[in-house]
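Each chain, written out:
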Number of protein chains: 6
Amino acid sequence: MATMSTMYGYGEIRLYAGSASQELAKEISEYLSVPLSGYDLVEFQNENLFIRLHGSVRGQDVYLIQSMSPPVHRNLMEMLIMIDCLKRDSAGRITAVFPYMAYARSDKKDQPRVPISARLVADMIEVAGANRYMTVDLHAGQIQGFFSIPGDVLTTFHMLSDYFLRKNLQNVVIATADLGFAKKGRNFAAKLGVPLAFVEKRRIGEESRTRATTVIGDVRGKDVILVDDEVLTGASLCDAARIVRENGAKDVYFSFSHALLVPPAVEALTAVPDVKEIVTTNTVQIPTEKHLPQMTILSVAPLLGEVILRAHEGRSVGELFNE
Amino acid sequence: MATMSTMYGYGEIRLYAGSASQELAKEISEYLSVPLSGYDLVEFQNENLFIRLHGSVRGQDVYLIQSMSPPVHRNLMEMLIMIDCLKRDSAGRITAVFPYMAYARSDKKDQPRVPISARLVADMIEVAGANRYMTVDLHAGQIQGFFSIPGDVLTTFHMLSDYFLRKNLQNVVIATADLGFAKKGRNFAAKLGVPLAFVEKRRIGEESRTRATTVIGDVRGKDVILVDDEVLTGASLCDAARIVRENGAKDVYFSFSHALLVPPAVEALTAVPDVKEIVTTNTVQIPTEKHLPQMTILSVAPLLGEVILRAHEGRSVGELFNE
Amino acid sequence: MATMSTMYGYGEIRLYAGSASQELAKEISEYLSVPLSGYDLVEFQNENLFIRLHGSVRGQDVYLIQSMSPPVHRNLMEMLIMIDCLKRDSAGRITAVFPYMAYARSDKKDQPRVPISARLVADMIEVAGANRYMTVDLHAGQIQGFFSIPGDVLTTFHMLSDYFLRKNLQNVVIATADLGFAKKGRNFAAKLGVPLAFVEKRRIGEESRTRATTVIGDVRGKDVILVDDEVLTGASLCDAARIVRENGAKDVYFSFSHALLVPPAVEALTAVPDVKEIVTTNTVQIPTEKHLPQMTILSVAPLLGEVILRAHEGRSVGELFNE
Amino acid sequence: MATMSTMYGYGEIRLYAGSASQELAKEISEYLSVPLSGYDLVEFQNENLFIRLHGSVRGQDVYLIQSMSPPVHRNLMEMLIMIDCLKRDSAGRITAVFPYMAYARSDKKDQPRVPISARLVADMIEVAGANRYMTVDLHAGQIQGFFSIPGDVLTTFHMLSDYFLRKNLQNVVIATADLGFAKKGRNFAAKLGVPLAFVEKRRIGEESRTRATTVIGDVRGKDVILVDDEVLTGASLCDAARIVRENGAKDVYFSFSHALLVPPAVEALTAVPDVKEIVTTNTVQIPTEKHLPQMTILSVAPLLGEVILRAHEGRSVGELFNE
Amino acid sequence: MATMSTMYGYGEIRLYAGSASQELAKEISEYLSVPLSGYDLVEFQNENLFIRLHGSVRGQDVYLIQSMSPPVHRNLMEMLIMIDCLKRDSAGRITAVFPYMAYARSDKKDQPRVPISARLVADMIEVAGANRYMTVDLHAGQIQGFFSIPGDVLTTFHMLSDYFLRKNLQNVVIATADLGFAKKGRNFAAKLGVPLAFVEKRRIGEESRTRATTVIGDVRGKDVILVDDEVLTGASLCDAARIVRENGAKDVYFSFSHALLVPPAVEALTAVPDVKEIVTTNTVQIPTEKHLPQMTILSVAPLLGEVILRAHEGRSVGELFNE
Amino acid sequence: MATMSTMYGYGEIRLYAGSASQELAKEISEYLSVPLSGYDLVEFQNENLFIRLHGSVRGQDVYLIQSMSPPVHRNLMEMLIMIDCLKRDSAGRITAVFPYMAYARSDKKDQPRVPISARLVADMIEVAGANRYMTVDLHAGQIQGFFSIPGDVLTTFHMLSDYFLRKNLQNVVIATADLGFAKKGRNFAAKLGVPLAFVEKRRIGEESRTRATTVIGDVRGKDVILVDDEVLTGASLCDAARIVRENGAKDVYFSFSHALLVPPAVEALTAVPDVKEIVTTNTVQIPTEKHLPQMTILSVAPLLGEVILRAHEGRSVGELFNE
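All values reported here derive from a predicted model rather than from experimental measurement.

## With respect to the side chain of Thr95 of chain B
All names here are of chain B.
Inference 1: Following the sequence through the fold, Thr95 ends up in strand S5 (residues 93–98).
Inference 2: Judged by its relative accessible area of 0%, Thr95 is buried.
Inference 3: Ignoring anything within four residues of it in the chain, the contact list for Thr95 reads Val62, Tyr63, Leu64, Arg132, Tyr133 and Met134.

Below, the structure is given as structure tokens:
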């Protein structure tokens, strides 16, 4: 539990829990000993959302906690309308706290005639009136540069790597199934002081849908921790688990931040034999029916709560991580 | 069928049909003899949408036709992503054509601590990169002022009133069930040269949910055309039909622009006896199962097609209506 | 008299009285026990205005009170220059308080090739550097959406309707002469628990200047309160008074917010017989020579003063009205 | 007379004459053989202006000619509303042509707590929607930097200096009564190949209103051309004429761009003996009753017309002056 | 040599060569058969740059070619001033063509309290007035999302990989020394149909400056093509060459886009034995004294020239690459 | 030494010293008894700068002191990157303090086809994220209007003129070598109560590089103080010194704000005989080797320190000068 020091500048902390982050917001509320503020959320028959705050936020320091998990577009729009509502009620400062950012993978034009939707989302948040934002493990660090407002981009890296450090596993290798995640995989390996390997998938021939999967680096006789940022259906992670096993790996662990787990993720993850443990977080709310036996869910609530507190009090966030 | 005069300024017309307006776009395409341009629309498992244009729009005059009907948030986001995509592909000019604008009823703060979501939607369209917009029968004319980009706000008023004029009904009165629609009701009555009446609903007592409905003006022995802009469940229109009947009206007609018709609209409209005809338009695509026997659907395609043509050629749109 | 609680955030309240609102500003100053701040206003021979503040507003919470009444353009420009001056003197926060907003009736394009001047005025206020605004009874609630900065749009509705409630009139009907005001008229009627009627004017024939005026609803044998937002020459209100009298009404009352009363308003209002009382407010300063015997002028100063206080202290404004 | 080459890019030239520049606009219209476009300008009883264009400007290259002469604020607002109107009618390009810019002398903070109104005016023009501007002899060249849109800042320097060159005066000296105009005075002198002198006014003592006027440089036995940019009441120019005469000057000439000539300018200028000639331009419309016998009014119409033509055709304006 | 089709929209192509790209611009000029436009560039004694165009660009389609190579800040400022100059001369469209973008590696906050300078550079280019940009091989694709204006981000990938394909090397492996480049390395390997390996550097201990370098994947007995985007001193590439050699590699090739080659790059590259060939491009101008014997410099001029042509004519750029 | 009153609003003062103003920042730090905050500044081999703050500035009131002296572009970019860094670290308020502004002389288009680089610099500072700025003796007061953010433009006028007042010189005349500085020269003369003269340089003939220099006004037998704002090579000041001496002046003094003193300024200034004293300030850091014997350097540190203090505390700056 944190102790709140004297307030200043932007009035008092106000916490609002969006539809997608009710449980997380409750945990943060408890961490901060600040109650969640009430509001009515109406969904009209034409699907249009309507919001009415129970009390005034005039001059206060407001934090709106809303993950951009499915239903993605509805949740995004709810967040934007809430920001507009807070702005027009003259909030002192509005921080959009979205522990998971949708559209983060649409962050570049790797082919012609496609959008950069993540920049669009950033612009929408700014034009709605947010003064700051807070998020966790962006798909690419560069997305922070899509915003011109300041923000706190937090990471579950310390939380997840510390968890594995405490397990004190012997003879481990870190592997990643997405080469875009290579650098972050390296950081994980370096933190644990273990080697690194890669799973590379490649299409065979122009037209073919067959893909050859190879392991680059040495996994034989080792436990493998497969790290990633976001898991949807779990397909590529499960493929990777199989190929490292075929290459002689022993136990396999999964570690990732955002547990979207859309169908058939639960089936897929259950189907892979010998996955010792699946370590993830609650940036996206995981309904009870998706809690697998070997799943460990670390909470980002203390992290977000502490950063909200420091942001409110004008204290360093970097210090939290001895940075 | 329109004849296309020589192009200039913004390259050639490119028409894109969004998910919500496939049929309407096809009609417009036929009106203009301009084929719809192709694109891939992918919906990933995390619901994120992805777009890839089949051909380049570099320097062209692009019209994206997409109504904001349900699924509202998905359709809105699809439109915004498409605009971003067109902008980043260096379109010469991008016109967002949304025959029905969602959130248009959230256009003012008639109580404290609520949003003005229609302004938010306007800002989102602008920040995505649209250069112009085109829409039909905004809930309030003032919403045009929410945009700083120019736009063509068209009306079905001429189409609908001319339809009733041609019916040559005798002894008619125009009535409206929404006092916010009073002025437009008056224009309808003036065009037909007939009297005007109002249906007023009022809550009885502070707490009670009972509402007294009264008719202001004279409907006895007359046919009544109930006019409105948008029909969701049809509840208030059906209530109004009942009360004017109770006050001695003969035949009842419904006339409105946007046929959202969300459940239980079809049941409600079917249940009202003696509704002679329901006249509406295709600004929102009406699926076949909602086509009631007494329903007449006027197409806005020639209107939109002609205005797109004039916008492209730099000719007056007002002249279309002798204005 | 209000008691000021401890200051925070934006320094101290500074009140500036623009040329058009000297008297109102004085009343607000007294309500708040905050003196008006001094400044020199010079009008050069080329009509250009020049302003010099007597003291610094650096870091302070400034409220500039200036109605946009005639001379409209000069008063508007004075307000804008003052805002620029306050901004460049590094005010902590600038609130433009204009109890009456000019150009509010130019809020939509109801015909082609016309401006939306109210949006232009909103943009001018924002580009000049105002952080917030405060106004009373906008012609259309949607105009609040023309601003992207937050604002407090107050209403004289409670003040005016309470006044009539206290008169305890029997057998009354509310009527409005402008169908665009129908919904607000309904609210008035609902508050008083009395019926509603409308005066409708309609041109006869395309070319003719003759207009037929009819009363929709029942006024016979009743006292009629004619409600509106803004009165210029009073012509349409006086016409409405005559027609309801011809339809059997007894006493007639006028109730409106903004008393522009441009010539020949005084003559016109004096000429209508049997107007029992004219109830209005001082959002626009009414010179003594326009104070008619039957005129009651309610002051908006306590309302504006209280809202300034609450805005300054970061307290709810909605609570003022039990909202 | 100019010959129009083939149009391109922004459609056709459309000329609109604002209230303040009816005559100048007519001359420009004749120069270009392009008729003035029609519009209705209504001034309501509350002074609010309303504009309705007679024909569409969709996609056209529009030039709005409106000097910011008195009534300054009304004329400025008329220009801004017209720009909004043109923008919302989808003009291809809007150029605000204001041969005289008001508030140009409020271009810096030479004391604390004052505005920079010229920047405000520039921002207002941009926010209204102008794409370009055209003006003549800005009080300070730096004001061009107040705009972020491109513009053509023309000068009457060539016109006025050529006029004096053609007079072939002997033994002349250029003098200026405003030290802020010193550099432009030097350019005038250099063009004519004659010496330069200055009239300096200085307050005597802190409180006193007495001013000592001295001549710096040699004027004895010479004809003096007093040059300036803008003349209001003519007071300082007439003072300067007197002091150079006292210092032995012979004939005195006045040369300035903007003839505001507000009362008592005509009386003052008439009262100075021996002013041989007053040479000015029609950037501000000079009513017949202010045409003094010794006044020569050069027209800027051919200059503005030619620049409009070149701007329209995408040809160099600098070449006009061999630059 | 390209043939120019008929112009439209933005007038004619105007090419300007910035100080940093004189040779490349000349090649592009020859490719397009469009002469370079002249301008004076003065560097005052206070280092301030001043630009004067020889001819007008009014309404023309301007391409300014200027790499952001050292002297970086001077070249960047020269580009920005040039853009301002072109904007204020009313260019029809301004495209900033910078084949190499400085500060692209400062694209995210991978530690607290650091800037994202690449976003700053993007904003500077936009605020200066560029309408579009064109660049080559951005350090991270996401940087395209830092711009809100559209741009063409080209790649030397096809040029470089085709070059190696044509060499028809046997038994090759692609390796990369920067894990952030892993995905692009994979694309290279996939194009050539060869395996992939990684060189990983890791600090040993918290304080130590010793780094352990390991090879992940198999390079023994193979030729290795080390690929990267930008080479400064060449240190990390030379280190990688040594380590793959120690791990049994045969010939080593270097392939990279941007040849910054700052001291002691030439010495370092010369010192590595058995580097068979260094293949790079002229996005950064390589002075003759840095042309090493084993260096092959491919020109991006035909690529940029062709894209400029297609951008000008409103034709697809993607088609160039069968995309 | 100043006493700091209680803080409010923007947290605590944080002072950062940029590379170009290390000494000045130290003096300001001492004046305010606020230590300089630490940061790492790395210059990579590709010249790119990188900044890392030692501690958090979250919510604090930050002043970044950095003159835009040579190396101009590097120092400007360092300032912009620092501002971006401070913004992204969520500073409460960022004030860019640049005692000397580069590119201030590029403040207008006095010929066609040239930039207004000073506006560009102002825009760059704003887009980087500065909330306010502070500078000294802008080349033209109008440049303050290039900024839309508020700023404090201070002047050394009081400091320099008081210095000369205290010298109590008899029989003095103020002269200026730049007619653009005429008005400020007049203010200097008025403050000292002495006459004014001008040195005018004029080109002879169109092509010739010969210039005729004349003195306007009377300097014979008088001491002359030559005043200017910025001295680069000192050439024009030294020329002016010679010509006033040739016209009979006695002692010559130089007084100017910004001592750029680029080569061969030191040689030039040393070469002019009889220059009694050179009075300047440390807005630009003057290295010891440029301290000439007759040079007096007044420090702007107390002025900047006091204004920082007042800006921080929300107190008037104008009062400092009894304004």
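Resuming the write-up.
## Quick word on the sheet that holds strand S9 (residues 196–203) of chain B
Residues and elements named next belong to chain B.
Inference 1: Taken together, seven strands build an open sheet; the order of strands is S10-S9-S8-S11-S12-S13-S14 and the sheet is mixed. Two strands bound the open sheet, and with one partner strand each, they are strand S10 (211–216) and strand S14 (295–298). Within the sheet, the average angular offset between the axes of one strand and its neighbour, ignoring direction, is 20°.
Inference 2: Taken together, the seven bridges between strand S11 (residues 223–231) and strand S12 (residues 252–259) define a ladder with parallel strand orientation. Its bridge partner being in S12, Val227 is matched across the sheet by Ser255.
Inference 3: The sheet strands contacting helix H4 (residues 157–167) are S11, S12, strand S13 (275–281) and S14, and the helix crosses S12 at an angle near 155°.
Inference 4: Against the sheet, helix H5 (residues 182–192) engages strand S8 (172–176), S9, S11 and S12, with an angle of about 165° to S8.

## As for the interface of chain B and chain A
Inference 1: Each partner contributes residues to the interface: chain B has 47 residues there, and chain A has 47 residues.
Inference 2: Carbon and sulfur atoms make up 61% of the area that chain B and chain A hide from each other, which totals about 4,300 Å².
Inference 3: Across the contact surface, chain B and chain A share zero salt bridges.
Inference 4: Counting every contact that joins chain B to chain A gives 16 residue pairs in polar contact (both at pLDDT 80 or more).
Inference 5: Put simply, the parts of the chain that give the side of chain B that touches chain A at least two residues each are strand S3 (49–53), helix H2 (72–88) and helix H3 (117–128) of chain B.

## Some remarks on the arrangement of the chains
Inference 1: At their nearest point, the C-alpha atoms of chain A and chain D are still 17 Å apart, with no contact between the two.
Inference 2: Separating chain C from chain E is a minimum C-alpha gap of 17 Å, and the two share no contact.

## As for the sheet that holds strand S10 (residues 211–216) of chain C
Residue and element names in this part refer to chain C.
Inference 1: Across the sheet, which stays open at both edges, the seven strands sit in the order S10-S9-S8-S11-S12-S13-S14 with mixed pairing between neighbours. What marks the edges here is a single partner per strand, and that holds for S10 and strand S14 (295–298). The mean angle between the axes of side-by-side strands here comes to 20°, regardless of whether they run parallel or antiparallel.
Inference 2: Sheet topology places strand S13 (residues 275–281) next to S14; four bridges connect them, and they run parallel.

## A look at the pattern of salt bridges
Inference 1: A full pass over the atoms with the stated rule returns 120 salt bridges over all chains.
Inference 2: Here Arg132 of chain B makes a salt bridge to Asp152 of chain B, at a shortest N to O gap of 2.9 Å. Note that Arg132 of chain B is positioned in strand S6 (residues 132–136) and Asp152 of chain B in strand S7 (residues 151–154), a separation of 20 residues in sequence.
Inference 3: With a closest N to O distance of 3.1 Å, Asp251 of chain F and Lys276 of chain F form a salt bridge. Of this pair, Asp251 of chain F sits in the loop between helix H6 (235–246) and strand S12 (252–259) while Lys276 of chain F sits in strand S13 (residues 275–281), placing them 25 residues apart in sequence.
Inference 4: Because the salt bridges share partners, they merge into one network encompassing Glu43, Arg74 and Glu78 of chain A.

## Observations regarding the packing of aromatic side chains
Residues and elements named next belong to chain A.
Inference 1: This structure, assessed with the given rule, holds 60 aromatic pairs over all chains.
Inference 2: Considering the side-chain rings of Phe98 and Phe147, the 6.3 Å spacing of their centres and the 25° angle between planes classify their relative orientation as stacked. Taken together, the positions of Phe98 in strand S5 (residues 93–98) and Phe147 in the loop between strand S6 (132–136) and strand S7 (151–154) put the pair 49 residues apart, joining distant regions of the chain. Of the two residues, Phe98 and Phe147, both sit in the buried class.
Inference 3: An aromatic cluster is built from Phe157, Tyr163, Phe164, Phe188 and Tyr253, whose rings are joined through pairwise contacts.
Inference 4: A cation over a ring is seen here: Lys191 above Phe157, with NZ or CZ 5.2 Å from the ring centre.

## Description of the relation of the copies chain B and chain A
Inference 1: Between chain B and chain A, the superposition needs a rotation of 180° and an axial shift of 0.0 Å, giving an RMSD of 0.0 Å. A rotation of that kind, with that shift, is consistent with a two-fold axis. If distances are taken from each C-alpha of chain B to the rotation axis, the shortest is found for His73 of chain B, at 2.6 Å.
Inference 2: The overlap is high: 100% of the interface residues of chain B also sit at the interface in chain A, so the same surface is used on both sides.

## Description of the interface of chain D and chain F
Inference 1: Counting residues at the interface gives 38 residues for chain D and 38 residues for chain F.
Inference 2: Interface of chain D and chain F: buried area, both sides summed, is about 2,900 Å²; carbon and sulfur atoms make up 57% of it.
Inference 3: At the junction of chain D with chain F, the criterion picks out two salt bridges.
Inference 4: Here Lys183 of chain D makes a salt bridge to Asp178 of chain F, at a shortest N to O gap of 3.8 Å.
Inference 5: The interface formed by chain D and chain F holds eleven residue pairs in polar contact (both at pLDDT 80 or more) in total.
Inference 6: Listing elements by their share of the side of chain D that touches chain F, those giving two or more residues are helix H5 (182–192) and strand S9 (196–203) of chain D.
Inference 7: Counted by class, the side of chain D that touches chain F contains 15 nonpolar, ten polar and 13 charged residues.

What counts and what doesn't
- Residues numbered from 1 in each chain as written.
- Chains lettered and ligands numbered in written order.
- Predicted model: local features only at pLDDT ≥ 70, side-chain atom pairs only at ≥ 80, totals over all residues.
- Heavy atoms only, no water.
- Helix = DSSP H or I, 4+ residues; strand = E, 2+ residues; numbered from the N terminus.
- Buried < 20%, exposed > 50% of the residue type's maximum accessible area, 1.4 Å probe, protein only.
- Contact = heavy atoms within 4.5 Å.
- Pairing = 2+ DSSP bridges.
- Axes fitted to C-alpha atoms, helices over the stretch in contact; angles between N-to-C directions.
- Buried area = accessible area lost by both parts, 1.4 Å probe.
- Salt bridge = Lys/Arg side-chain N within 4 Å of Asp/Glu carboxyl O.
- Polar contact = N/O pair within 3.5 Å; in protein donor to acceptor, adjacent residues only side chain to side chain.
- Phe/Tyr/Trp six-rings, centres within 6.5 Å; stacked < 30°, edge-to-face > 60°.
- Lys NZ or Arg CZ within 6 Å of the ring centre and 35° of its normal.
- Least-squares fit on C-alpha atoms with pLDDT ≥ 70 in both.
- Nonpolar A, V, L, I, M, F, W, Y, C, P; charged D, E, K, R; others polar.

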